[in-house]
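Residue-level structure breakdown
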Amino acid sequence: MSWLYGAVTGFRNWMFDHNWLKAEEYDVPVVNIGNITVGGTGKTPHVEYVAKMLADSYRIVILSRGYKRKTSGFVLANSTSSPESIGDEPLQMYRKLGPRVRVAVCENRRMGIKEILRQFPDTQMILLDDAFQHRYVLPKVNVLLMDYSRPIYEDKMLPLGRLRESFNQVERADMVVVTKCPDSISPLDMRLVNKNLGIRPFQKLFFSKFEYADVRPVFPEDRPYHVDMSSLSQRDTVMLITGIANPRGFIRHFRHYPFKRVICHYPDHHDFSRSDIADLEKKFNDLKGERKIILTTEKDAVRLAYNPYLPASLKPFVFYIPVSVRMIPAQDGADFISELIKSVDA
């Protein structure tokens, strides 16, 4: 099955490479931030990072597919948007970036770009969220992400592994970012990754890590329980809820805390049902500890905030931890944002 899947995706890419299938180019620079694996590389935080860093220099619109939304066609995020209308990740980006950056969703990327340019002709940059495989759009800059703990050069094609395309498609990237790097990463580690990826002279390789901020209540209007993570002891219990593709980094972040951990993991983009919430409520009520809270990821917090089944009794105890991207200084002194701007303006 993996061989068959690889043959199909390989033939499709061959058709694009030889212009049997046509990619459309636009006057406005399009920057694609994606991967060739199934989730878990940190696309949303990196899209947020780029948008935040460039928002003062460009009028930016982020275009996402809006995975698992209940609507179709082109939808622009606004103050009444919900996960059902635009998807959890686009809503997270809209709420986080504020009015500085527009966020839109459309399952057809070419139609979405045309609608953006029709409604907002002053747009100066379009960021495509997770469109490395969508070759009908020819981006000005292709940014490929790879999870440090899941190197693509050691992976296999679906369904045997997690690759959506073969490893040789790395050649299509203008910039490669190795994400979720540990604090202990060394220059030798970086050189080995560079060698294993086979980075070409025209490509730029960068490394990044996640930084976690202080916990925040998911329901600030419901008089949240006061919590300071540093004050929690081994007598306290934290229920960690994750519905993301790769929760290891999130869970690992709390490994040095003394409190007891209870982990509840769900599939990526999980839509918490009534029975899911009832099960979580029971587990939380059965927890032992002087103090106990529920702690979830930023993406899961978006879905839980709009979940109609979450009881009022739980809301004061539900928190999330914001995550942001920090680029690790490159060995050659190159700066990711400066190189990105240089490629966009070329």
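Residues numbered from 1 in each chain as written. Predicted model: local features only at pLDDT ≥ 70, side-chain atom pairs only at ≥ 80, totals over all residues. Heavy atoms only, no water.

Time to look at the side chain of Glu89. Its place among the elements puts Glu89 in helix 4 (residues 88-97). Within the local environment of Glu89, its side chain forms a polar contact with the side chain of Lys299, the two groups lying 3.1 Å apart. With residues up to four places along the chain from it excluded, the contact list for Glu89 reads Thr44, Asp129, His269 and Lys299. (Helix = DSSP H or I, 4+ residues; strand = E, 2+ residues; numbered from the N terminus. Polar contact = N/O pair within 3.5 Å; in protein donor to acceptor, adjacent residues only side chain to side chain. Contact = heavy atoms within 4.5 Å.)

The volume enclosed by the largest pocket comes to roughly 740 Å³. Along its surface, the largest pocket is lined by 35 residues, and Gly40, Glu89, Ala245, Asp268 and Lys299 are the ones closest to its centre. It is helix 2 (residues 43-54) that provides the largest number of residues to the lining of the largest pocket, a total of three residues. Residues that form the lining of the largest pocket fall into these classes: 10 nonpolar, 13 polar and 12 charged. A volume near 560 Å³ is recorded for the second largest pocket. For the second largest pocket, the lining is made up of 24 residues, of which Glu48, Lys96, Glu298, Pro322 and Val323 are closest to its centre. For the lining of the second largest pocket, the elements supplying multiple residues, two or more each, are helix 2, helix 4, strand 8 (204-212), strand 9 (216-217), helix 9 (298-305) and strand 14 (323-328). For the lining of the second largest pocket, the residue count by class is 14 nonpolar, two polar and eight charged. (1 Å grid on protein atoms, 1.4 Å probe; cavity = no way out; pocket = protein on both sides within 12 Å on 5 of 7 lines; lining within 4 Å. Points joined across faces, edges and corners; volume = space filled by probe spheres on them. Nonpolar A, V, L, I, M, F, W, Y, C, P; charged D, E, K, R; others polar.)

For the rest of this paragraph, the subject is the packing of helix 4 against helix 9. At a minimum axis distance of 9 Å, the contact between helix 4 and helix 9 shows a crossing angle of 100°. One way to sum up the angle between helix 4 and helix 9 is to call them roughly perpendicular. Contacts from Asp88, Glu89, Leu91, Gln92, Arg95 and Lys96 of helix 4 reach helix 9 at Glu298, Lys299, Val302, Arg303 and Ala305. The residue makeup of the contact of helix 4 with helix 9, split by class, is three nonpolar, one polar and seven charged. (Axes fitted to C-alpha atoms, helices over the stretch in contact; angles between N-to-C directions. Parallel < 35°, antiparallel > 145°, perpendicular 65-115°, else oblique.)

Looking now at the environment of Arg261. Considering the arrangement of structural elements, one finds Arg261 in strand 11 (residues 260-265). Residue Arg261 is classed as partly exposed on the basis of its relative accessible area of 36%. Sequence separation between Arg261 and Asn196 is 65 residues; the distance between their C-alpha atoms is 36 Å. Not counting chain neighbours up to four residues away, the residues in contact with Arg261 comprise Val238, Leu240, Ile251, Phe254 and Arg255. A distance of 3.1 Å separates the side chain of Arg261 from the backbone oxygen of Ile251, its partner in a polar contact. (Buried < 20%, exposed > 50% of the residue type's maximum accessible area, 1.4 Å probe, protein only.)

What follows concerns the sheet that holds strand 9. Paired through their backbone hydrogen bonds, the strands of a sheet run either parallel or antiparallel. If you walk across this open sheet you meet the five strands as 9-13-12-10-11, and the pairing is mixed. Two strands lie at the open edges of the sheet, namely strand 9 and strand 11, each paired on one side alone. Contacting strand 10 (237-242), strand 12 (292-296) and strand 13 (318-320), helix 9 runs over the sheet at an angle of about 105° to strand 12. (Pairing = 2+ DSSP bridges.)

These values are about where atoms sit, not about what they do.
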